[in-house]
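Chain by chain, the residues run as shown.
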Amino acid sequence: MNVTTEINNKIQSMGGSGSSNPTYLSSNKSLLFAGGANSINTAPSQRVTAIPLQLNFSDSVGLFGSENKFVKIDLQIQSSSTVFANIEFPENTYFPVWTFADEALVNDYYTAVFDYLQDPVTVNTYAPAIVTGGLSDYSRPMVSIDLNNLKTGNKFIDAWLEVTLYGKDKQPVDGDFLYTDIDSYFYIGFHARNTRRLPYNVDLKVGIEYLEYNLMTEAQRRLVR
């Protein structure tokens, strides 16, 4: 193999300088193609089963140019238990009802109690209410993904760090927001653009919005990955 030819081919396809030293992959803008210990193909996975959920990622990346960090977010959403624990998040613009068992006497009135066994059939054309603590049974439910780089407050450090969303096709997403299926997955990439250790502080919100795909607007559908 002709090493010079291989290096030139790499420069033509990926850009950068003539150095084959992986330490300089950051400074010559070839960091995405570096063969670090943590690539997007070997990213550790974090499972999400209930929404809404907020995750925080605080660590550091860099020092050596080939060091990239990726995290795979594996969505297997089965419950909205966190929605019913916090009613500030709407579902399709409607807020969930907060219900709890309390039969105490308050100001001469007893609180209402649901009895699901006493209203099993349709009466006078009125069907019984269906009450559930789970997610709405949509044909294709979608959840929102919102990435927020909180940064460190030091502009000289923050300027050299990039945080990127990647779809399940492992291609970068244009922006920090997307919609995806509740049984899908995506990636977060932390990219140092300098050859020193750089701290990061990133928030990820999953499932603040829970939508039916067929009811989404065209603008929302353009954000589906």
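First, a word on what this report is: a plain description of the structure on this page.

Brief notes about the overall build of the protein chain
Tallying secondary structure elements over the protein chain gives four helices and 10 strands in all. Taking all contacts inside the protein chain whose residues are at least 6 apart in sequence as the whole, residues at least 24 apart take part in 75%. When the accessible surface of the protein chain is split by element, carbon and sulfur atoms take 53% of a total near 14,000 Å².

A closer look at unusual backbone geometry
I51 connects to P52 through a cis peptide bond whose omega is -10 degrees. Its place among the elements puts P52 in the loop between β1 (45–50) and β2 (53–62). Even without a glycine there, the phi angle at K170 is positive, about 65 degrees. Mapped onto the elements, K170 comes out in the loop between β7 (161–166) and β8 (177–181).

A word on the nonpolar core
The biggest cluster of nonpolar side chains holds 30 residues, and the ones touching the most others in it are F57, I73, L75, I145, I188 and L204. Elements that contribute at least two residues to this core include exactly β2, β3 (69–79), β6 (141–149), β7, β9 (185–192) and β10 (197–212). Residue contributions to this core peak at six residues, all from β10. For I188, the contacting residues outside a window of four places in its chain are F57, K69, F70, V71, I73, L147, V163, T164, L165 and L204.

Side note on the sheet that holds β10
Here four strands make up an open sheet; going across it, the order is β2-β10-β6-β8 and the pairing antiparallel. Edge strands, defined here as strands with exactly one partner in the open sheet, are β2 and β8. Averaged over all pairs of adjacent strands, the angle between strand axes in this sheet comes to 25 degrees, irrespective of strand direction. As defined by bridge partners, β2 adjoins β10 across 10 bridges and the pair is classed as antiparallel. The residue of β10 that forms the bridge with D59 is Y200.

Examining the pairing of β10
Direction of pairing for β6 relative to β10: antiparallel, over a ladder of eight bridges. Its bridge partner lying in β10, N149 is registered against V202.

Rules used in this analysis
- Residues numbered from 1 in each chain as written.
- Predicted model: local features only at pLDDT ≥ 70, side-chain atom pairs only at ≥ 80, totals over all residues.
- Heavy atoms only, no water.
- Helix = DSSP H or I, 4+ residues; strand = E, 2+ residues; numbered from the N terminus.
- Contact = heavy atoms within 4.5 Å.
- Areas by Shrake-Rupley, 256 points an atom, 1.4 Å probe, with all protein chains shown as cover.
- Core = buried A, V, L, I, M, F, W, Y, C linked by side-chain atoms within 4.5 Å.
- Buried < 20%, exposed > 50% of the residue type's maximum accessible area, 1.4 Å probe, protein only.
- Pairing = 2+ DSSP bridges.
- Axes fitted to C-alpha atoms, helices over the stretch in contact; angles between N-to-C directions.

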